[in-house]
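Examination of the molecular architecture
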Amino acid sequence: MARKLLLEHIDVPYINTLEVYRQKGGYRAVEKALKKLSPDDVVEEVKKSGLRGRGGAGFPTGMKWSFLAKPEGVPRYLVCNADESEPGTFKDRFLMTYIPHALIEGMIVSSYALGAKTSYIYVRGEMMPQIKILERAIEEAKAAGFLGKNILGSGYDLELYVQPGGGAYICGEETALLESLEGKRGNPRIKPPFPAVAGLYNCPTVVNNVESIAATVPILNMGGDEYAKIGIDRSTGTKLISASGNINNPGVFEIELGLPVEEFIYSDEYCGGITNGKRLKAVVAGGSSVPILPANLILKTAKGENRLMTYESLADGGFISGTMLGSGGFIAFDEDQCIVRNTWNFTRFYHHESCGQCSPCREGTGWMEKVLHRLEYGHGKMSDIDLLVDVSKKIEGNTICPLGDAAAWPVASAIRHFRDEFEWHVTNSDEAQIRNYGLAHYADPLTLAG
Amino acid sequence: MADSNDKIKVSIDGISVEVVPGTTILNAARQIGGEIVPPAMCYYSKLEGSGGKCRTCLVKVSKGSEKDPRPMPKLVASCRTTVMDGMEVQNITSNEVLEARKGVVEMLLINHPLDCPICDQAGECHLQDLGFEHGAAATRYEFERRTFEKIDIGDKIQLHMTRCILCYRCVFVADQLTNQRVHGILGRGDAAEISTYIEKAVDNDYSGNVIDVCPVGALTDKTFRFKNRVWFTKPVEAHRDCPTCSGKVTLWYKGEEVLRVTARKDAYGEVEDFICNSCRFEKKNTADWVIEGPRKVANTSVIASNHYSELKPLPVIKDNPKLKEANKNQLERSVRL
Ligand SMILES: Cc1cc2nc3c(=O)[nH]c(=O)nc-3n(C[C@H](O)[C@H](O)[C@H](O)COP(=O)(O)O)c2cc1C
Ligand code: SF4
Ligand code: SF4
Ligand code: FES
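Residues numbered from 1 in each chain as written. Chains lettered and ligands numbered in written order. Predicted model: local features only at pLDDT ≥ 70, side-chain atom pairs only at ≥ 80, totals over all residues. Heavy atoms only, no water.

Moving on: the confidence of the model for chain A. As a note on interpretation, predicted positions should not be read in detail where pLDDT is low. Scored by pLDDT, chain A comes out at a mean of 95, with 96% of its residues at no less than 70. Counted against residues more than four places away or in other chains, residues 438-443 of chain A, with its pLDDT under 50, gives three contacts. (pLDDT = per-residue confidence, 0-100. Contact = heavy atoms within 4.5 Å.)

Bringing the interface of chain A and chain B into the picture now. Contact residues are listed per partner, giving 33 residues for chain A and 31 residues for chain B. Across the interface of chain A and chain B, roughly 2800 Å² is buried in total on both sides, 51% from carbon and sulfur atoms. Our enumeration of links across chain A and chain B arrives at five salt bridges. Across the contact surface, chain A and chain B share 19 residue pairs in polar contact (both at pLDDT 80 or more). Per-element tally for the side of chain A that touches chain B: the top contributor is helix α16 (residues 359-376) of chain A, with ten residues. Class assignment of the residues belonging to the side of chain A that touches chain B gives a composition of eleven nonpolar, twelve polar and ten charged. (Buried area = accessible area lost by both parts, 1.4 Å probe. Salt bridge = Lys/Arg side-chain N within 4 Å of Asp/Glu carboxyl O. Polar contact = N/O pair within 3.5 Å; in protein donor to acceptor, adjacent residues only side chain to side chain. Helix = DSSP H or I, 4+ residues; strand = E, 2+ residues; numbered from the N terminus. Nonpolar A, V, L, I, M, F, W, Y, C, P; charged D, E, K, R; others polar.)

The next subject is the site of ligand 3. Within the structure, ligand 3 sits among B:C164, B:I165, B:L166, B:C167, B:Y168, B:C170, B:I194, B:C214, B:P215, B:V216, B:A218 and B:L219. In the shell around ligand 3, the residues fall into twelve nonpolar, no polar and no charged. (Near = heavy atom within 4 Å.)

Residues and elements named next belong to chain B. Inspection of the secondary structure assignment puts R30 in helix α1 (residues 25-32). Owing to a relative accessible area of 14%, R30 belongs among the buried residues under this scheme. For the pair formed by R30 and A267, sequence separation is 237 residues and the distance between their alpha carbons is 9.6 Å. For R30, the residues in contact, after removing those within four places along its chain, are V37, A40, Y43, Y268 and E270. (Buried < 20%, exposed > 50% of the residue type's maximum accessible area, 1.4 Å probe, protein only.)

Moving on to the site of ligand 1. Residues and elements named next belong to chain A. As a structural note, the neighbourhood of ligand 1 is formed by 18 residues, with G55, K64, N81, N209 and S212 the closest of them. Take K64: an N or O atom from its side chain is 2.9 Å from an oxygen atom of ligand 1. Note that an oxygen atom of ligand 1 is positioned 2.9 Å from one of the backbone N or O atoms of E84. Look at ligand 1: alone it shows 610 Å² of surface, and the protein chains cover 89% of it. (Areas by Shrake-Rupley, 256 points an atom, 1.4 Å probe, with all protein chains shown as cover.)

In this section: the packing of helix α6 (residues 100-114) of chain A against helix α7 (residues 128-143) of chain A. All names here are of chain A. Close contact between α6 and α7 brings their axes to 9 Å; oriented N to C, the two are set at 60 degrees. Taken together, the axes of α6 and α7 lie oblique to each other. Considering only the axes of α6 and α7, their crossing is right-handed. Of the residues in α7, those in contact with P100, H101, L103 and I104 of α6 are I133, L134, A137, I138, E140 and A141. (Axes fitted to C-alpha atoms, helices over the stretch in contact; angles between N-to-C directions. Parallel < 35°, antiparallel > 145°, perpendicular 65-115°, else oblique. Left-handed = near helix turned anticlockwise from the far one by under 90°.)

Counting residues in each nonpolar core, the largest one holds 62 residues, and the members touching the most others are A:Y27, A:L103, A:I104, A:I121 and A:V123. Top element by residues in this core is α6(A). It accounts for nine residues. Those residues in contact with A:L103 that sit more than four places away from it in its chain are A:C80, A:M96, A:I121, A:L134, A:V210 and A:I213. Of all hydrophobic cores here, the second largest spans 56 residues; its members include A:Y169, A:C203, A:Y350 and B:I110. (Core = buried A, V, L, I, M, F, W, Y, C linked by side-chain atoms within 4.5 Å.)

All names here are of chain A. The strand order across the open sheet formed by four strands is β3-β2-β1-β4, and the pairing between neighbours is parallel. Of all the strands in the sheet, just β3 (159-164) and β4 (205-209) have a single pairing partner and so form its edges. Across the sheet, the mean angle separating the axes of adjacent strands is 20 degrees when strand polarity is ignored. Where strand β1 (residues 77-82) and strand β2 (residues 118-123) come together, six bridges link them in parallel fashion. Bridged to C80 within β2 is I121. (Pairing = 2+ DSSP bridges.)

In an α-helix, one turn spans 3.6 residues; hence positions three or four apart end up facing the same way. Residue and element names in this part refer to chain B. All of the buried residues in α1 are I25, L26, A28, A29 and R30. On its buried side, α1 packs onto β1 (8-12), β2 (15-19), β3 (58-63), β4 (76-77) and β5 (87-90). Where α1 ends, the next residue or the one after it, G33, has phi of about 85 degrees, a positive value.

Let's shift gears to the environment of B:Y268. All names here are of chain B. Its location among the elements puts Y268 in the loop between β13 (257-263) and α6 (277-282). Here the alpha-carbon distance between Y268 and D120, two residues 148 residues apart in the chain, equals 20 Å. The residues touching Y268, leaving out its near neighbours within four places in the chain, are R30, G33, V37 and H126. Within polar-contact distance, the side chain of Y268 engages the backbone oxygen of R30 at 3.5 Å.

What follows concerns the sheet that holds β3(B). All names here are of chain B. With respect to topology, five strands assemble into an open sheet ordered β2-β1-β5-β3-β4, the strand pairing being mixed. The open sheet has two edge strands, β2 and β4, and neither has a second partner. Pairing analysis gives three bridges linking β1 to β5, with the strands arranged parallel. Bridging across to β5, I12 finds its partner in V89.

Here the focus is the packing of aromatic side chains. Summed over all chains, the structure comprises 20 aromatic pairs over all chains. Summarising the aromatic geometry, the rings of A:F264 and A:F330 are spaced 5.0 Å apart at their centres and angled 80 degrees between planes, so their arrangement reads as edge-to-face. Highlighted residues: A:F264 in helix α11 (residues 261-266) and A:F330 in strand β11 (residues 329-334), separated in sequence by 66 residues. Assigned by exposure class, A:F264 and A:F330 land together as buried. The interplanar angle of 75 degrees and the centroid separation of 4.8 Å between the aromatic rings of A:F319 and A:W409 together place this pair among those described as edge-to-face. One end of the pair, A:F319, is in helix α14 (residues 318-321); the other, A:W409, is in helix α18 (residues 403-427), and 90 residues separate them in sequence. Pairwise contacts between aromatic rings join A:Y77, A:Y120, A:Y161 and A:Y201 into one cluster. When the ring centre of B:Y168 is taken as origin, the NZ or CZ atom of B:K53, which lies over that ring, is 4.8 Å away. (Phe/Tyr/Trp six-rings, centres within 6.5 Å; stacked < 30°, edge-to-face > 60°. Lys NZ or Arg CZ within 6 Å of the ring centre and 35° of its normal.)

Right, dumping it as structure tokens:
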């Protein structure tokens, strides 16, 4: 059995209540931090742990914290990014639903480390149940003296608020999130300045993912050095992976970083293999924005080694034969899935979610969607394929925020690895036109007859 | 610690210039002038926070600074990137930049109709210039363009969203210049549109300035629309003693008649001083103004077709072969003109 830190007590009844959470050792990290450690000590432990941000980019959390500007007389903020909108990623809402106190405890410890006296959890607007759950948990924590004035007699005060977002993917981008939190339109800001210098209300701010913040609790409990021993290389600790697609056991898994991808897909402890005994065709390893890889490349790196669930191993070979761990949204496709259709579907999402500030993303995502749509439905031309590659290149790297890249990579990688499938849609246009995807398997929506 | 008055050195396409710290690459390039100045469709020096959006001013930073000479990994928006001492920037000497810019032009033209022959902005349109200088001959976009009905936002201004390139300049004007903001952006992505609150008119003393900042023909002056083509009019600088604004304007004459009043624009098409609506819309008699003299018009502008001044080719910096090569095109064009 692999080591579990965040989901260790997930099966304990009522672990969502403060009482049971505390019985299982909850809020020890708060006591330890506030009573025994200085804020800088906490930052130091997180640095030692080697924890990398779990929101997508994988930037070292401790280092990000140490960049926080500390001008006199200006408040500092910690904002938890619970927008979780990346298609294929559903780990944060799982944690918030079942163990809300893990996040609240992490927020207290992290806010203390950063000297934040007001902190926010920015939750995607659609996640009403999670918002209610978090609000209740905050009430419980406050009543027990873990929030509010003079926490545990340490002299440290903290107010924690839950803020529902507007339900836009772009509001997960950290600067758009801050704009939204300030009550404005969720458009990404132009960086620099970075939030560490001028974030929420122009004050120094750290934005961290739910899982990153929750991970500070086991880090403090066990010590940064111990935490760093879990995992492999520069990928330390455990990671929540949300697995979906054509696998036997879809769901959220906590893995120790370094687990071979093959084991993750085929072991009964995790995905349990491909549904109906089919062959694996492709995998999107880190949420819909990362490059898709065909089965052979997801199992082996560019160097021919076994591919591991780590930041480094998944990225091996760059974007030619590698991808990213991203937010840990693992989507598997079996041999019957149409890559063109899936690429169109992903692009449809990015087109819809582009904020529209910069021209390449605003216009390019829509253009790609239309070309993919026509290819998918058998009306495309051979030249469409190179056109798509070119348009994706014109977007990538030329935009204000990484949504442009997120829209470009799935298209570029799908064509790189599955070009023949795109060509099939052109050469077999009659067949492409009549394919009645999936619908044949479902009941008629009107008569419900199978 | 360097004194903030100490100048720092930056080179753009091989030409050095010394600027005060905090200057952006774009403004450093403007201090040099000529062809190496990146085009700017959304940046507007008079509007705080503008820029960064259209991506037409992308440049390559091939050397970060004297201290950290590493190149920047991606192209950067020159209008929002400040220079560092020893920075080296490539604009028209970088193929990557020209390619990216071509891409941006193609994207901008996706939802901007090429109806220049009937557009009121023809002759004053920055997108037209940009397309000419940095675009491709044909577009590869084959789908229907988005279209909108024209709407009157107030009795003096008409909005035709079909032509809008979402540069946000008019939104910044509404935000920073006018006292009651009723105009902004609705929707997301390519469904975003400039609009007013339901049935609101843009009705305040400075609202007319949105017309001047709009780089394309999306916001037009209803008192001038289709009265004439700009190149048939004669621009004359004039001023009046105005209680609300600087009163410094350009009058656009056809014969004896003032057809239009606008603010004065600098070499980069930016308004020098914003003007109030009375100057713009209500003072259309020569008697209202103190005339200063004819306005200088760049001989590369179509407006110059009505001005019989000598044609001077654009400067070429002799000792920079790369730049010379890049300038060749422009020279040939100027000669043709
Ligand atoms: C378009 C876009 C959407 C994003 N959505 C999320 C999100 O839903 N949750 C999240 O934690 N990070 C998201 N990110 C990444 C954040 O900008 C930021 O890197 C992250 O919250 C930092 O937290 P971490 O350092 O703990 O990973 C998104 C980024 C982009 C560009
Ligand atoms: S890349 Fe897209 S989402 Fe990001 S700022 Fe530009 S238009 Fe908005
Ligand atoms: S209406 Fe004109 S000024 Fe306003 S955003 Fe559109 S193009 Fe820019
Ligand atoms: S002028 Fe710089 S991005 Fe528009």
